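Reading the structure
The lines below spell out each chain.
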There are 4 protein chains.
Amino acid sequence: MYEQQTVAQTPLRNGIRVTIWNEYIHERTDPKVAAVYPRGIHEALAAGIGPYGFRIRTATLDQPEHGLTKEVLTGTDVLIWWGHLAHERVSDEIVNRIQARVLDGMGLIVLHSGHRSKIFQKLMGTTCDLKWREDAERERLWVVDPAHPITEGIGESFVVEPEEMYGEFFEIPAPEQLVFISWFQGGEVFRSGCAYERGRGKIFYFRPGHEAYPTYYNKTVLKVIANAVRWAASPHGAKPTFGNTPPLEPMLRTFRQSRPPGIEFRMQ
Amino acid sequence: MYEQQTVAQTPLRNGIRVTIWNEYIHERTDPKVAAVYPRGIHEALAAGIGPYGFRIRTATLDQPEHGLTKEVLTGTDVLIWWGHLAHERVSDEIVNRIQARVLDGMGLIVLHSGHRSKIFQKLMGTTCDLKWREDAERERLWVVDPAHPITEGIGESFVVEPEEMYGEFFEIPAPEQLVFISWFQGGEVFRSGCAYERGRGKIFYFRPGHEAYPTYYNKTVLKVIANAVRWAASPHGAKPTFGNTPPLEPMLRTFRQSRPPGIEFRMQ
Amino acid sequence: MYEQQTVAQTPLRNGIRVTIWNEYIHERTDPKVAAVYPRGIHEALAAGIGPYGFRIRTATLDQPEHGLTKEVLTGTDVLIWWGHLAHERVSDEIVNRIQARVLDGMGLIVLHSGHRSKIFQKLMGTTCDLKWREDAERERLWVVDPAHPITEGIGESFVVEPEEMYGEFFEIPAPEQLVFISWFQGGEVFRSGCAYERGRGKIFYFRPGHEAYPTYYNKTVLKVIANAVRWAASPHGAKPTFGNTPPLEPMLRTFRQSRPPGIEFRMQ
Amino acid sequence: MYEQQTVAQTPLRNGIRVTIWNEYIHERTDPKVAAVYPRGIHEALAAGIGPYGFRIRTATLDQPEHGLTKEVLTGTDVLIWWGHLAHERVSDEIVNRIQARVLDGMGLIVLHSGHRSKIFQKLMGTTCDLKWREDAERERLWVVDPAHPITEGIGESFVVEPEEMYGEFFEIPAPEQLVFISWFQGGEVFRSGCAYERGRGKIFYFRPGHEAYPTYYNKTVLKVIANAVRWAASPHGAKPTFGNTPPLEPMLRTFRQSRPPGIEFRMQ
């Protein structure tokens, strides 16, 4: 048996830096929503996952650069995104900046109606469209990937009620890891927890979260989001280099001496 | 034993409609390239896969709407794409049109330097960047998914020489089916045959094909492209519907009677 | 535009050779089952998919070698499997033979309670356990991969009723292509259409099919099975070679001259 | 901004319990191998990854129950496996025990010639065969999934030399996450880092490691193995339940009243 020596943990583990972005419109314009999230969905989320020990800041649409300056994104390990009414008002420049930061290693967690956000559509390459119904029904989320860290402490299934229904077909690339499938009272199913990698970054789409329902006070929902933050902030590899590159191995010239001149390949 | 009755094959099988798109610039401006592809890469491809029985047409950048009108795309089962110098000159409107058609079921085969085309980047959601070296070296492509229809008749590996090197990291989503991996003389490897599904459409990226080398006269390369056309044109499902939808099952009202009023969920 | 020449289709397309295997016990011992499938599930399946033009034979547990001699398997493009009561009575030798034939390119379609068959467990490497309830409830299968050939002509969802419930967690490897997800009346979901590749072979697990319910007379269920047969019989690549192999490229001896003698690597 | 409260880390993080299994035959029978690994490959690995802070024990073939009693496996978070000559001498009972423990959440890291071990074959469901050549050549491993935690601190590629060659086709299920691809001097490529989930467990196959070469003193190889241990020990979900289960939702009896009597479904 060998003497054990501790190798330093990455600083990340001692304080994942989370930025919670919310378009923050419903809560200031619709009394019904304001009653549920009086300080905004972003603040409810911050309060809900704060106890997990993250270093949290928030950002909203109406801030300069939507609150997502280069400095903020560089200092963000995981970005959480909630939007619904104003996807088109998010500037393309900021969307491109977020995409670049995800490819560079930042985690991204897209919640509920964020499925049609510019950033999610851009990273998925599809419409991300789906069926929906706002009828305060019962949703049950089933764990279908119990090896995934995001399922820690969740049980085999859990209920969120009342909820908006989202139904298939959900026009996304097939999830690289499908973590949850939802059952809805009205007869639909939905791929509700979808994990992806893009570049050096990790992306998780998580379905629950309607603005008119108190989903973001549900302890299990919050635990999933906290687990997703940890997963999305897990280590990644070196920054790739791109472009013209010299050979790494000595190339036998004999290969290339056999190169036939292009003229011989003319089409008859 | 039952009497067998033949069910009609889909018309597709009797004539897959292929459109080969080429930016067609190198061949008209660079004598070295013109010597290899005097009538253009698109015509070399058309001649090469023509014997497989497809109904082929071609389209180029300088045509109105780049030759990709709505009528052309609607009448295309599989689109083959070659571009290099002029990715930025392809109009966003046409790119969006192609994306929509792919999601609606058209197959797309992206060749070689098409990795940085707008349409491939848009569908992948990443930069699709890579390493490269133009040094007329030897490439060997290995089949790593011999269950895939695209590998029919290809053998275990095949050589393309001379070729431009493309090396990892290739910034794409992990292929849903990784069909070929390339070995290069200079020490690099590359995921050279990458299959995806998006919406109802199928996408295949195939690496070989430099404009200065006679790759598109290579019989094995042409066979892969023909196999890819057949795969990309294989049947798909019904057109999905999106948006607001009524329940399919009678919902027990008792569920919703238990809905807690929002006020109770106010944040403390 | 090029003159088109037709390349010969593979013989497979003109007559896929299907063997339907059934343990054939329920139907001969349980009057309730006999009332539904008087000539056996295998004959109901054969009658149901026969019109699609396959060359069908059947095999049952009580035949010599369970009806799956080397000759039969060699002459089978796609094997369909139904079993329930007698998984343990299938000989290991035959199971190994089927596995080898799948790796060599034969398609395999496993139905319903075949999830716990030796051959499916062996190919999956897991228990393939699940939750179940026999309560004649309603199942709705949703297409979640409309690009997949198996979904052709199926619509967005379809109902099978009455059905036995199968619920998650289904202990299988994550499907390489998840084609259907089932919704059940009692609150469960299930990954009901699961596609895999193993070696040169293709495997499809399809959930519906209880012996006491008339599932295999359902036209949509039969269409899915017929589509699956076609997909599982689609072309594949060359037979791989394994074992010791000489280098394909000339190796620079200078590499190996730098090999450090093992003694220098002794552990301190 | 919210006051942060620390949530307790899982005990695992403070000491992952690793068991390193080695058949331990080469090193005691072949002087050439003994010169490289005088105390056995297991001890070289233990020394090499010890500094990462794991709680390490070792086990070998000749111990009672191969050193893998129920107590040992229950107390193991991650099992590392090296075998070559004596795969057939590992008892089926122990193999089944390991499989069950993996499905229950234990991580498994299979090294090099362990590709043909009973446990890897059983979990993969395939032969796991490949091409090989023992010719002390140069291997370069390329990172093709830089978002994966296993690639932390590895760079874009790294060289192991001298090494035995392993070449495609590697008859495994397509990796769920393909992390490394190897380039070999002689012209081959290989999927060298393959990640899977099975049940609640995580599996990583890592290619390098010939008994006659000092691979397991290579610092980068050791870092990959240590990273893989951490990944394989990452949290997972609740233990699934299987078998007969009552409905979770009240089922409308009207569904079942419409159940047609079986007799009506008799085949005409």
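Residues numbered from 1 in each chain as written. Chains lettered and ligands numbered in written order. Predicted model: local features only at pLDDT ≥ 70, side-chain atom pairs only at ≥ 80, totals over all residues. Heavy atoms only, no water.

Remarks on the interface of chain C and chain B
Counted only if it meets this: Only heavy atoms matter for contacts: two residues are in contact if any of them lie within 4.5 Å across the pair. Joining two parts hides part of their accessible area as seen by a 1.4 Å probe, and the buried area is that hidden amount summed over both. Salt-bridge detection follows one rule: a side-chain nitrogen of Lys or Arg within 4 Å of a carboxyl oxygen of Asp or Glu. In protein, a polar contact means a hydrogen-donor-capable atom and an acceptor-capable atom, both N or O and within 3.5 Å, with residues adjacent in sequence counting only if both atoms are side-chain atoms; elsewhere, any N or O pair within 3.5 Å suffices.
In this assembly, 51 residues from chain C lie in contact with 51 residues from chain B. Taking both sides of the interface into account, the surface hidden between chain C and chain B amounts to around 4,100 Å²; carbon and sulfur atoms contribute 51%. Where chain C packs against chain B, one counts four salt bridges. The partner of E249 of chain C in a salt bridge is R140 of chain B, with the nearest N and O atoms 3.9 Å apart. Applying the counting rule to chain C against chain B returns twelve residue pairs in polar contact (both at pLDDT 80 or more).

Let's talk about the relation of the copies chain C and chain B
Defined as follows: Least squares is the method for superposing the copies, and the C-alpha atoms it fits come from residues with pLDDT of at least 70 in both.
Take chain C, turn it by 180°, move it 0.0 Å along the axis, and it overlays chain B with an RMSD of 0.0 Å. Seen this way, the second copy is the image of the first under a two-fold rotation axis. Looking at the rotation axis and the C-alpha trace of chain C, the residue lying nearest is E176 of chain C, at 3.9 Å. Here 100% of the contact residues of chain C are again contact residues in chain B; the copies associate through an equivalent surface.

Some points on helix α5 (residues 92-103) of chain C
Note that an α-helix has 3.6 residues per turn; residues three or four places apart therefore point the same way. Residues and elements named next belong to chain C. For clarity, the cut-off: Numbering of helices and strands runs from the N terminus; a helix is a DSSP stretch of H or I covering at least four residues, while a strand is a stretch of E covering at least two. Multiply 1.5 Å by the residue count of a helix minus one, and that product is the helix's expected span. Burial classes: relative accessible area under 20% of the type maximum marks a residue as buried, over 50% as exposed, and values in between as partly exposed (1.4 Å probe, protein chains only).
With twelve residues, α5 extends 16 Å from end C-alpha to end C-alpha; this agrees with the ideal 16 Å at 1.5 Å per step. Among the residues making up α5, those that are buried are I94, V95, R97, I98, Q99, R101, V102 and L103. If you follow the buried residues of α5, they end up packed against α4 (70-74), β3 (78-82), β4 (107-111), α6 (118-124), β8 (189-198) and β9 (201-206).

Overview of the packing of aromatic side chains
Here is the rule: The aromatic pairing rule takes the rings of Phe, Tyr and Trp, using the six-membered ring of Trp, and pairs them if the centres are within 6.5 Å, calling planes under 30 degrees apart stacked, those over 60 edge-to-face and the rest tilted. Comment: the charge-over-ring label is applied if NZ (Lys) or CZ (Arg) is within 6 Å of the ring centre and within 35 degrees of the ring normal.
All chains considered together, the criterion is met by 50 aromatic pairs over all chains. Relative to F206 of chain A, the ring of F180 of chain A has its centre 5.8 Å away and its plane inclined at 50°; by these criteria the two rings are tilted. Here F180 of chain A, found in strand β7 (residues 177-184), pairs with F206 of chain A, found in strand β9 (residues 201-206); they are 26 residues apart in sequence, far enough to count as distant. Taking relative accessible area as the criterion, F180 of chain A reaches 0% and is therefore assigned buried. Classification of F206 of chain A as buried rests on a relative accessible area of 0%. When the ring of Y52 of chain B is compared with that of F54 of chain B, the centres are 6.3 Å apart and the planes differ by 15°; the resulting orientation is stacked. With respect to class, Y52 of chain B is no different from F54 of chain B; both count as buried. Clustering of aromatic rings is evident, with ring pairs tying together F120, Y166, F170, F190 and Y205 of chain A. Across the ring face of Y24 of chain C, the terminal group of R28 of chain C is positioned such that the distance to the ring centre comes to 4.0 Å. Over the face of the ring belonging to Y166 of chain C we find R207 of chain C, whose NZ or CZ atom lies 4.9 Å from the ring centre.

Section: the confidence of the model for chain A
Residues and elements named next belong to chain A. Test applied: In predicted models, pLDDT denotes the confidence assigned by the predictor to each residue on a 0 to 100 scale.
With 88% of its residues at a pLDDT of 70 or more, chain A shows a mean pLDDT of 91. Across residues 1-11, confidence stays below pLDDT 50; counting only partners more than four residues off in sequence or on other chains, it has 22 contacts. Contacts from residues 253-268, a stretch scored under 50 in pLDDT, to residues over four places away or in other chains number 33 contacts. Two summary scores accompany this predicted model of the complex, namely pTM at 0.93 and ipTM at 0.91.

A word on the pairing of β9 of chain C
All names here are of chain C. Worth spelling out the cut-off: Strands pair, by our definition, only if DSSP identifies at least two bridges between them.
Most of β9 sits out of view: six of its six residues are buried. Burial along β9 is two-sided: G201, I203 and Y205 and K202, F204 and F206, pointing in opposite directions, are all buried. Judged from the four bridges that link them, β4 and β9 form a sheet pairing that is parallel. Directly across from L108, in β9, lies its bridge partner I203. The pairing of β8 with β9 spans six bridges and is antiparallel. The residue bridging E197 from the neighbouring strand is K202, located in β9. Hairpin connection of β8 to β9: two residues between the antiparallel strands, including G199 at a positive phi of 60°.

A look at the relation of the copies chain D and chain C
Once turned by 180° and shifted 0.0 Å along the axis, chain D lies on chain C with an RMSD of 0.0 Å. Same-surface contact between copies: 100% of interface residues of chain D are shared with the interface of chain C.

Brief notes about the environment of A233 of chain A
Among the structural elements, A233 of chain A can be located in the loop between α7 (219-232) and β10 (243-244). The spatial distance from the C-alpha of A233 of chain A to the C-alpha of A86 of chain A is 28 Å, given a sequence separation of 147 residues.

Let's talk about the state of the cysteines
Put simply, the rule reads: Two cysteine sulfurs form a disulfide in these notes if their separation is within 2.5 Å.
A complete count under the given rule lists zero disulfides over all chains for this structure. The thiol of C194 of chain A is not disulfide-bonded; the next cysteine sulfur, from C128 of chain A, is found 10.0 Å away.

Brief notes about the packing of helix α3 (residues 41-49) of chain B against helix α7 (residues 219-232) of chain B
All names here are of chain B. Stated precisely, the cut-off is as follows: Each axis is a line fitted through C-alpha atoms, taken for helices only over the stretch in contact, and angles between the N-to-C directions span 0 to 180 degrees. For classification, angles of less than 35 degrees are called roughly parallel, those exceeding 145 degrees roughly antiparallel, those between 65 and 115 degrees roughly perpendicular, and all remaining angles oblique.
Where α3 contacts α7, the axes come no closer than 9 Å and their chain directions differ by 80°. The angle between α3 and α7 falls in the class roughly perpendicular. Taken together, the residues of α7 that come into contact with α3 (itself represented by L45, G48 and I49) are L222, I225 and A226.

Observations regarding the interface of chain D and chain C
Selection criterion: The residue classification treats Ala, Val, Leu, Ile, Met, Phe, Trp, Tyr, Cys and Pro as nonpolar and Asp, Glu, Lys and Arg as charged. All others, Gly included, are polar.
In this complex, chain D contributes 65 residues to the contact, which on the side of chain C involves 65 residues. Both sides of the chain D and chain C interface together cover about 5,500 Å² of buried area, and 61% of this is carbon and sulfur. Applying the counting criterion to the chain D and chain C interface returns zero salt bridges. Secondary-structure elements contributing two or more residues to the side of chain D that touches chain C are α2 (31-36), α3 (41-49), α5 (92-103), α6 (118-124), β5 (131-143), β6 (157-167), β10 (243-244) and α8 (253-257) of chain D. Broken down by element, the residue count for the side of chain D that touches chain C peaks at seven residues, all from β5 of chain D. For the side of chain D that touches chain C, the per-class residue count stands at 32 nonpolar, 14 polar and 19 charged. The pairing of strand β10 (residues 243-244) of chain C with β5 of chain D spans two bridges and is parallel. Within β5 of chain D, the residue paired with G243 of chain C across the bridge is K131 of chain D.

A short note on helix α5 (residues 92-103) of chain A
For α5 of chain A, the elements touching its buried residues are α4 (70-74), β3 (78-82), β4 (107-111), α6 (118-124), β8 (189-198) and β9 of chain A. Two residues or fewer past α5 of chain A, G105 of chain A is found with a positive phi of approximately 125°.

Side note on unusual backbone geometry
Put simply, E161 of chain A and P162 of chain A share a cis peptide bond, and its omega is 0°. Looking at the element boundaries, P162 of chain A is found in strand β6 (residues 157-167). Here E168 of chain C and F169 of chain C are connected by a cis peptide whose omega angle stands at 15°. Looking at the element boundaries, F169 of chain C is found in the loop between β6 (157-167) and β7 (177-184). Of note in this structure, E65 of chain B is not a glycine but carries a positive phi near 55°. By secondary structure assignment, the location of E65 of chain B is in the loop between β2 (55-60) and α4 (70-74). Residue classification places E65 of chain B among the partly exposed residues on the basis of a relative accessible area of 39%.

Observations regarding the pairing of strand β5 (residues 131-143) of chain B
Residues and elements named next belong to chain B. Of all 13 residues making up β5, ten are buried, and the element is well covered by its neighbours. Looking at chain direction, β5 and strand β6 (residues 157-167) are connected through eight bridges and run antiparallel. Along β6, the bridge assignment pairs K131 with G167. Relative to strand β7 (residues 177-184), β5 runs antiparallel, the two sharing five bridges. Directly across from L141, in β7, lies its bridge partner S182.

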